[in-house]
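Breakdown of the fold
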Amino acid sequence: MPNSNKTAIVKSAMRTFAVLEFFRETKRAASVTEISSALEMPQSSTSVLLSSLVELNYLEYDRQTRRFIPSYRVNLLGDWIRRSPFRDAKLTDLMEELWTATGGETVMLGQQAGAAGMQYLHVVRSGYQLQFITHAGQIRPMVRTALGHVLLSQMPNTKIRGIIRRNNSEEPSQSARVRESAFLEEVERIRRRGFSESSGRTTPGANTIGMLVPLPRRRAPLAIGIGGPIERIAAKRARIIEVMQSRLKKLANEARPGFVEK
């Protein structure tokens, strides 16, 4: 679960979405005990919350197995969001395409979370035993992720400086803090070439290549990335960049010009 001491999120709302993220991650039915243990929530509070979600028809409960699972209603909640910007295309389908086309490396979708965080919204895990590991729902400092870098590249430098200072102030390790001038130089390189590349700077031994997802105006920016061990990504770097650019260009061409938010 997110650190409630660093957010103004209402606890009940935070716990509700933590439960849904748990099911998204595990992809199976689970008992009260399993859920409360995984999310580090009191079992009594977990039981009350799950019962409420069953009553509201967001979860289903099997009395024989005493396990909960999301209802079909949950699946429908965001369906219009995934479909509306792009005719019949869905970002999860794009991620699966990228996974296949680049040899089964980890594919990640991310968005800014709060003032200075980057949250992984969806992850298609690598098929390799040695892989870049991250989890949907995980939040990292924007300056510490390739996806965060590409999102920052769309912001004015004045705003980026504020995010750098905030991330640095919350980073306990002096060596992990970034130098403002060097970071802004890297952001400028990202703007020129159209993609970010971590090259082991944010996660030792791993490289992630990140690009912006073309979205209609007024939608919160999204970034997509492909990551894995440095040596393996280096061997197919040109292929990964080519595939990402071509698929994202195709997605941009398929965007509905008449899409209007209400």
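Taking an unreviewed UniProt entry as the reference, the protein chain is identified by name as Helix-turn-helix domain-containing protein belonging to Bradyrhizobium septentrionale.

Next up on the list: the sheet that holds strand β3 (residues 106-113). One open sheet holds the 6 strands; their spatial order is β5-β4-β3-β8-β7-β6, and the pairing between them is antiparallel. Each having just a single partner strand, β5 (139-141) and β6 (196-197) make up the two edges of the open sheet. Examined bridge by bridge, β3 and strand β4 (residues 117-124) share 7 bridges and lie antiparallel to one another. Within β4, the residue paired with Gln111 across the bridge is Gln119.

Per the stated rule, a full pass over the model turns up 15 salt bridges. Through salt bridges that share partners, Glu186, Arg189, Arg193 and Arg201 make up one connected network.

Okay, the packing of helix α2 (residues 32-39) against helix α3 (residues 43-55) next. Two measures define how a pair of helices packs: the angle their axes make with one another and the distance between the axes. Packing of α2 against α3 brings their axes to within 9 Å, and their N-to-C directions diverge by 115 degrees. Of the two elements, α2 crosses α3, and the hand of that crossing is right-handed. Two secondary-structure elements touch here, α2 through Val32, Thr33, Ile35 and Ser36 and α3 through Gln43, Thr46, Ser47 and Leu50. Grouping the amino acids of the contact of α2 with α3 by side-chain chemistry returns 3 nonpolar, 5 polar and no charged.

The relative placement of two aromatic rings is captured by the distance of their centres and the angle of their planes. One pass over the structure, following the stated rule, counts 2 aromatic pairs. For the pair Phe22 and Phe23, a centre-to-centre distance of 5.4 Å together with 70 degrees between the ring planes defines the contact as edge-to-face. Overall, Phe23 belongs to the buried group, its relative accessible area being 4%. Taking the centre distance of 4.6 Å and the plane angle of 40 degrees together, the rings of Tyr61 and Phe68 count as tilted. Residue Phe68 is classed as buried on the basis of its relative accessible area, which comes to 6%. Across from the ring centre of Phe195, 4.9 Å away, lies the NZ or CZ of Arg193, which sits over that ring.

Below, the discussion takes up the environment of Met244. Checked against the element boundaries, Met244 lands in helix α11 (residues 237-254). Distance from Met244 to Glu97, taken between C-alpha atoms, is 9.8 Å for residues 147 residues apart in sequence. The residues touching Met244, leaving out its near neighbours within four places in the chain, are Leu98, Ile209, Met211, Ile224, Gly225 and Ile226.

Moving on to the packing of helix α8 (residues 157-169) against helix α9 (residues 180-193). Between α8 and α9, the shortest axis-to-axis distance is 11 Å and the interhelical angle comes to 130 degrees. When the axes of α8 and α9 are compared, the pair comes out oblique. The two elements α8 and α9 meet at a crossing, and its hand is right-handed. Counting all contacts with α8, which are made through Asn157, Ile160, Arg161, Ile164 and Arg165, the residues of α9 involved are Glu180, Phe183, Leu184, Val187 and Arg191.

The next thing to look at is unusual backbone geometry. At Asn57, a residue that is not glycine, the phi angle is positive and equals roughly 70 degrees. As for its position among the elements, Asn57 is in the loop between α3 and β1 (59-62). On the basis of relative accessible area, Asn57 is assigned to the partly exposed category, the value being 42%. Phi at Arg66 is positive, roughly 60 degrees, even though this residue is not glycine. Mapped onto the secondary structure, Arg66 falls in the loop between β1 and β2 (67-70). Classification of Arg66 by relative accessible area gives exposed; the value is 60%.

Reading guide: rules and limits
Residues numbered from 1 in each chain as written. Predicted model: local features only at pLDDT ≥ 70, side-chain atom pairs only at ≥ 80, totals over all residues. Heavy atoms only, no water. Pairing = 2+ DSSP bridges. Helix = DSSP H or I, 4+ residues; strand = E, 2+ residues; numbered from the N terminus. Salt bridge = Lys/Arg side-chain N within 4 Å of Asp/Glu carboxyl O. Axes fitted to C-alpha atoms, helices over the stretch in contact; angles between N-to-C directions. Left-handed = near helix turned anticlockwise from the far one by under 90°. Contact = heavy atoms within 4.5 Å. Nonpolar A, V, L, I, M, F, W, Y, C, P; charged D, E, K, R; others polar. Phe/Tyr/Trp six-rings, centres within 6.5 Å; stacked < 30°, edge-to-face > 60°. Buried < 20%, exposed > 50% of the residue type's maximum accessible area, 1.4 Å probe, protein only. Lys NZ or Arg CZ within 6 Å of the ring centre and 35° of its normal. Parallel < 35°, antiparallel > 145°, perpendicular 65-115°, else oblique.

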